[in-house]
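Coordinate analysis (summary)
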Amino acid sequence: MKKNEVNIFDYAGEICKALPQGILIVSEAEDCVNAMTIGWGTVGIEWGVPIFTAYIRESRFTRELLDRTGEFTICVPHGENKNSTQVKKALALCGSKSGRDTDKIAQSKLTLVDADLIQPPAIKEFPLTLECRVVFQELQPVKNISAPLNKFYPEPQDAHIAYYGQILKAYVIED
């Protein structure tokens, strides 16, 4: 697989447009690779470095893996296959099943590609890839979220944690 390194800010708009339909966050710990669909995230600059912030509920298996390793990849549909049936099915599965008891990578028939700088892999079928290392995380207490946005928290004990990942490398995977 060839990886064409890119400037993340040339693709920030594409990433933000893809988020409402879903992108994947990939984590790995103890030889367990997990992909989860996310629809919330931001790309920007903090502390003078490029950052992707992912918002993960406390109850998610992905949170457990992130807390163990502090690394993740962001994998975004891109190019001619971004609306393919396989991508849509993978997003649906990875957004509805838990990695605690389902191998979502195998079930979705996704192809893992070794990352260059971190442990969690990239995914060939989601070729726009950000390799990230957590530099800060913070719980977003539900009590601090004003109406009407608090409607996203029917269970107040299941708040999101914001994971600020320094983008170490960005690329597009090609055959």
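Notes on the structure in this doc start here. (Residues numbered from 1 in each chain as written. Predicted model: local features only at pLDDT ≥ 70, side-chain atom pairs only at ≥ 80, totals over all residues. Heavy atoms only, no water.)

Turning next to the overall build of the protein. Helix and strand content of the protein: four helices and ten strands. Walking the protein from its N terminus toward its C terminus, one meets helices and strands in the order β-α-β-β-β-β-α-β-α-α-β-β-β-β. Computed over C-alpha atoms, the radius of gyration of the protein comes to 15 Å, within 12% of the 16 Å expected from 2.2 N^0.38 for 175 residues, which places it in the range of a compact globule. Its C-alpha atoms put the protein at 45 × 40 × 30 Å along the principal axes. (Helix = DSSP H or I, 4+ residues; strand = E, 2+ residues; numbered from the N terminus. Rg over C-alpha atoms; globule rule 2.2 N^0.38 Å.)

Of the residues making up helix 3 (residues 85-94), those classed as buried are V87, A90, L91, L93 and C94. In an axial view of helix 3, the angular spread of the buried residues amounts to 165°, which keeps them on one side of the axis. Exposed side of helix 3, more than 90 degrees from the buried face: T85, K88 and K89 are the residues found there. (Buried < 20%, exposed > 50% of the residue type's maximum accessible area, 1.4 Å probe, protein only. Arc of directions from axis to C-beta.)

Here a ring pair, both rings aromatic, is described through the centre-centre distance and the interplanar angle of the planes. Tallied over the full model, the rule gives four aromatic pairs. Between W47 and Y164, the ring centres sit 5.8 Å apart and the planes meet at 65°, which makes this aromatic pair edge-to-face. Of the two residues, W47 sits in the loop between strand 4 (41-46) and strand 5 (49-57) while Y164 sits in strand 10 (residues 160-174), which places them 117 residues apart along the sequence. Residue W47 is classed as exposed on the basis of its relative accessible area, which comes to 55%. (Phe/Tyr/Trp six-rings, centres within 6.5 Å; stacked < 30°, edge-to-face > 60°.)

Turning to the layout of surface pockets, a few remarks are in order. Gaps between atoms show up when a probe of the same size as a water molecule is rolled over them. Empty space within the largest pocket amounts to approximately 390 Å³. As for the largest pocket, its lining consists of 22 residues, of which M36, T37, R57, R60 and G95 are closest to the centre. Per-element accounting of the lining of the largest pocket gives the leading share, four residues, to strand 3 (residues 32-38). The residue inventory of the lining of the largest pocket, partitioned by class, reads seven nonpolar, ten polar and five charged. (1 Å grid on protein atoms, 1.4 Å probe; cavity = no way out; pocket = protein on both sides within 12 Å on 5 of 7 lines; lining within 4 Å. Points joined across faces, edges and corners; volume = space filled by probe spheres on them. Nonpolar A, V, L, I, M, F, W, Y, C, P; charged D, E, K, R; others polar.)

What follows is about the environment of K2. With respect to the helices and strands, K2 occurs in strand 1 (residues 2-5). A relative accessible area of 48% places K2 in the partly exposed class. Between the C-alpha atoms of K2 and V172, which are 170 residues apart in sequence, the distance is 8.2 Å. Beyond its immediate chain neighbours, meaning those up to four positions away, K2 contacts V172, I173 and E174. (Contact = heavy atoms within 4.5 Å.)

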